Amino acid sequence: MPFRASDTHLRDILESIDRINQFVGDMDFVANERDEKTKAAVERKIQIVTEAVARLEMEGAEVYPEIDWKGYRGMGNFLRHSYHRVSDEIVWNTIKDDLPLLRKLVEKALQPSSPQPPDE
């Protein structure tokens with residue numbers, strides 16, 4: 001079964017990042033670390049982000065060279081297969097350090113290309 005269109009994966013990433021930001025709100029690391037419900041919700045949305053990134057990579061990573069394909073794929077595998085060893089600190093750093101950049105890249109990728117001037 002074929003994957004969905006690239007722009008759909010990009011929108012999935014954007015929506016997941018926005019939900020993560022809503023879930024975390026103005027929490028600090030300690031508050032997040034103590035809130036099991038928020039941590040579970042954030043980890044689920046990060047899994048969606050990592051799966052969408054992996055599918056985009058399969059469709060042509062060269063289109064989005066700024067994305068750390070290996071890093072996101074590795075994090076997704078870790079969340080799925082080593083869930084018992086997930087580090088709250090690594091997840092928190094991903095939220096604060098990595099996802100804002102990814103969000104900017106996705107927004108840029110979703111912008112329609114600027115029209116080229118006609119050949120004369």
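See the structure printed just above.
Residues numbered from 1 in each chain as written. Predicted model: local features only at pLDDT ≥ 70, side-chain atom pairs only at ≥ 80, totals over all residues. Heavy atoms only, no water.

Asker: Which residues make up the overall build of the protein, and what values do they have?
Answerer: When its secondary structure is counted, the protein shows five helices and zero strands. Secondary structure elements of the protein, listed N to C terminal, follow the sequence α-α-α-α-α. Burial analysis of the protein (120 residues in total) assigns 34% to the buried set. Within the protein, counting contacts between residues at least 6 apart in sequence, those at least 24 apart form 71% of the total. When the accessible surface of the protein is summed, it comes to about 7,900 Å², and 51% of that surface belongs to carbon and sulfur atoms. (Helix = DSSP H or I, 4+ residues; strand = E, 2+ residues; numbered from the N terminus. Buried < 20%, exposed > 50% of the residue type's maximum accessible area, 1.4 Å probe, protein only. Contact = heavy atoms within 4.5 Å. Areas by Shrake-Rupley, 256 points an atom, 1.4 Å probe, with all protein chains shown as cover.)

Asker: Before we move on, can you summarise the pattern of salt bridges with the specific residues and values?
Answerer: Evaluation of the coordinates by the stated rule reveals six salt bridges. Between lysine 39 and glutamate 36 there is a salt bridge, with the nearest N and O atoms lying 3.2 Å from each other. One end of the pair is lysine 39 and the other is glutamate 36, both in helix H3 (residues 36–60) and three residues apart, which spans about a single turn. Across the pair aspartate 88 and lysine 39 runs a salt bridge, and its minimum N-O distance is 3.1 Å. (Salt bridge = Lys/Arg side-chain N within 4 Å of Asp/Glu carboxyl O.)

Asker: Account for the nonpolar core, with residues named and values stated.
Answerer: If you look at the biggest cluster of nonpolar residues, it comprises 26 residues, and the most contacted ones within it are Ile13, Ile46, Val49, Val53, Ile95, Leu99 and Leu102. Where this core is concerned, the elements lending two or more residues are helix H1 (6–24), H3, helix H4 (69–81) and helix H5 (88–110). When residues in this core are grouped by element, the largest group, seven residues, is from H5. (Core = buried A, V, L, I, M, F, W, Y, C linked by side-chain atoms within 4.5 Å.)

Asker: Outline empty space enclosed by the protein, listing residues and values.
Answerer: Applying the stated criterion across every chain, the model contains one cavity of 30 Å³ or more. Space inside the largest cavity adds up to approximately 40 Å³. Where the lining of the largest cavity is concerned, the elements lending two or more residues are H3 and H5. (1 Å grid on protein atoms, 1.4 Å probe; cavity = no way out; pocket = protein on both sides within 12 Å on 5 of 7 lines; lining within 4 Å. Points joined across faces, edges and corners; volume = space filled by probe spheres on them.)

Asker: Tell me what's going on with H5, and back it up with residues and numbers.
Answerer: The end-to-end C-alpha distance of H5, which contains 23 residues, comes to 31 Å, matching closely the 33 Å that a straight helix rising 1.5 Å per residue would cover. The sharpest bend along H5 comes to roughly 45°, located at aspartate 98, with the proline proline 100 sitting one to four residues further on. If you check which residues of H5 are buried, you get Asp88, Val91, Trp92, Thr94, Ile95, Leu99, Leu102, Leu105 and Val106. (Expected span 1.5 Å × (residues − 1). Bend = angle between axes of the 7 residues up to and from the residue.)

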